[in-house]
Amino acid sequence: MKVLVTGGAGVVGKALCRELQARGVCVRVLTLPGDTGVDLLPEGVEVVYGDVADYASIRPAFDGVDCVFHLAAILLSRDASAFERINAGGTRNVVSACQDSGVHRLLYVSSISVTYPVLTPYGASKLAGESAVRESGLDWTIVRPTLVIGDGGGVEFRMYADFVCRFPVYPLPGGGTARKKPVRSVDLVKGIAAAGLAPEAIGNTYALAGPEVMTMAGMAARILRTAGKRHLMVPLPWWIAKRLAVLRNWIGVRRVSAAQALAGFLYDAVPDIENARKDLDYNPEKAL
């Protein structure tokens, strides 16, 4: 069996390549020209170059593969149009390339943020990608990762950990009461691989989360305990956080809008994972 992994030279993509090879799968990676991440890909992975936002550049990569794992996306940008062009438009291009090349099986990595009551531009672009996949006529599966922790992913968690460790006194919007079910990167990668290869997963959407619910404040306390720090959390009322619109600067990421920076603190992400346990033998461990 041969698969194509879009965005395969990214952190999660490289880990997925290793997992798929361990399952006896031949792997081809589609990544942007000049991506230095290809130097760290496992031996035996075929590399092709293209941009998912440019259909003509990616179409040849789909020839001769049995399944596509679509990971390519952007997470951080202050340009809302970039989410639409790459995440939504790129997914539509991937769907078209599958249809035109005769690839029937497609695994799409979405985001748990598509379930938020108010969508950020990122969440809206991932939801638009889901719609394109569901309407494709392909044998599709969608996975929705939650907050990722550990090797193989976790840029949002690393930003949060750096934030709470940097300041002796750190503010948390809403007091950090939003609840999460963070997932270990190793469990996420196994879940993605299983979802793309299991016949039972066709036509289904799976949340890939950890087994434990914790608040953002509780997560911060664990981060600080592990780091040997005793910083003080100060609850920040929502109206102040929204009016100041500076959380992205406190965290140190100016490439995101204030709305995107605040969304993770505002909304719960505690999905049920029982269907993933049943269909994918998905048994994640606690992430922290």
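Shown above is the structure to which this text applies.
Here the residue numbering is sequential within each chain, running from 1 through the sequence in written order. Whole-chain, interface and lining totals are the exception, using all residues; otherwise, since this is a predicted model, local features are given only for residues with pLDDT of at least 70 and side-chain atom pairs are given and counted only at 80 or more. To get the side-chain values, all heavy atoms of the structure are used, and hydrogens and water are removed first.

K.L.:
What is the right way to read helix α7 (residues 216–227) from this model?
P.N.:
Helical periodicity: at 3.6 residues per turn, an α-helix aligns residues three or four positions apart in one direction. Here α7 spans 16 Å end to end across twelve residues, near enough to the 16 Å set by a 1.5 Å rise per residue. For the exposure calls, accessible area comes from a 1.4 Å probe over protein chains only, and a residue counts as buried if that area is under 20% of its type's maximum, exposed if over 50%, partly exposed in between. Going along the chain from the N terminus, every DSSP run of H or I of four or more residues is numbered as a helix, and every run of E of two or more is numbered as a strand. Of all the positions in α7, only M216, M219, A220, I223 and L224 are classed as buried. Relative to the axis of α7, the buried residues are bounded by an arc of 135 degrees and lie together on one face. When the buried face of α7 is taken as reference, the exposed residues oriented beyond 90 degrees from it are R225 and T226. Following α7 by one or two positions, G228 has its phi on the positive side, about 70 degrees. Under the convention used throughout, the expected extent of a helix is 1.5 Å for every residue step, that is, one less than its residue count. The arc under discussion is defined with respect to the helix axis, by the directions toward the C-beta atoms.

K.L.:
What's the story with the nonpolar core in this structure? I'm lost.
P.N.:
In this structure, V5, L16, L20, F69, I192 and L280 are the most contacted members of the largest nonpolar core, which totals 36 residues. Within the residue set of this core, elements represented by two or more residues are β1 (2–6), α1 (11–22), β2 (26–31), β4 (67–70), β5 (105–109), α6 (185–197), β11 (205–208) and α11 (274–280). Broken down by element, this core gets its largest block of residues, six residues, from α6. Any two residues having at least one pair of non-hydrogen atoms within 4.5 Å are treated as being in contact. Apart from residues lying up to four places away in sequence, L280 is in contact with G191, A194, A195, A198, A201, Y206 and N275. Counting residues in each nonpolar core, the second largest holds 21 residues, with F62, A72, V94 and C98 among its members. The nonpolar core is taken to be a set of buried Ala, Val, Leu, Ile, Met, Phe, Trp, Tyr and Cys residues, with the residues joined through side-chain atoms within 4.5 Å.

K.L.:
Could you clarify how one ought to interpret the packing of helix α3 (residues 80–101) against helix α4 (residues 121–134) in this entry?
P.N.:
Helix packing for two helices is described by the angle between their axes and how far apart those axes are. Two elements in contact, α3 and α4, have axes separated by 8 Å at closest approach and are oriented at 15 degrees. Our classification of the angle between α3 and α4 gives roughly parallel. Once α3 is placed against α4, the crossing between them reads as right-handed. Where α3 approaches α4, its residues A80, F83, E84, N87, A88, T91, R92 and V95 are matched on the opposing element by P121, Y122, S125, K126, A128, G129, A132 and V133. Three residue categories are used. Nonpolar comprises Ala, Val, Leu, Ile, Met, Phe, Trp, Tyr, Cys and Pro, charged comprises Asp, Glu, Lys and Arg, and polar comprises the others, including Gly. Among the residues forming the contact of α3 with α4, the class breakdown is nine nonpolar, four polar and three charged. The convention used is that axes are lines fitted to C-alpha atoms, helices contributing only their stretch in contact, and that angles between N-to-C directions extend from 0 to 180 degrees. By the definition adopted for this analysis, an angle is roughly parallel if under 35 degrees, roughly antiparallel if over 145, roughly perpendicular if from 65 to 115, and oblique otherwise. Crossing chirality is assigned from the near helix's rotation relative to the far helix, an anticlockwise turn below a right angle marking it left-handed and a clockwise turn marking it right-handed.

K.L.:
Help me understand the pattern of salt bridges in this model?
P.N.:
Two side chains of opposite charge can pair, provided their charged atoms sit close to one another. Whenever Lys or Arg places a side-chain nitrogen within 4 Å of a carboxyl oxygen from Asp or Glu, that contact is recorded as a salt bridge. One pass over the structure, following the stated rule, counts 13 salt bridges. Across the pair R144 and E130 runs a salt bridge whose closest N-O atoms are separated by 2.8 Å. Taken as a pair, R144 in strand β6 (residues 139–145) and E130 in helix α4 lie far apart in primary sequence, 14 residues in all. Each member of the pair R144 and E130 is classed as buried. With a closest N to O distance of 3.4 Å, D279 and K278 form a salt bridge. Note on K278: relative accessible area 69%, which makes it exposed. Overlapping salt bridges, with partners in common, bring together K2, R28 and E46 in one network.

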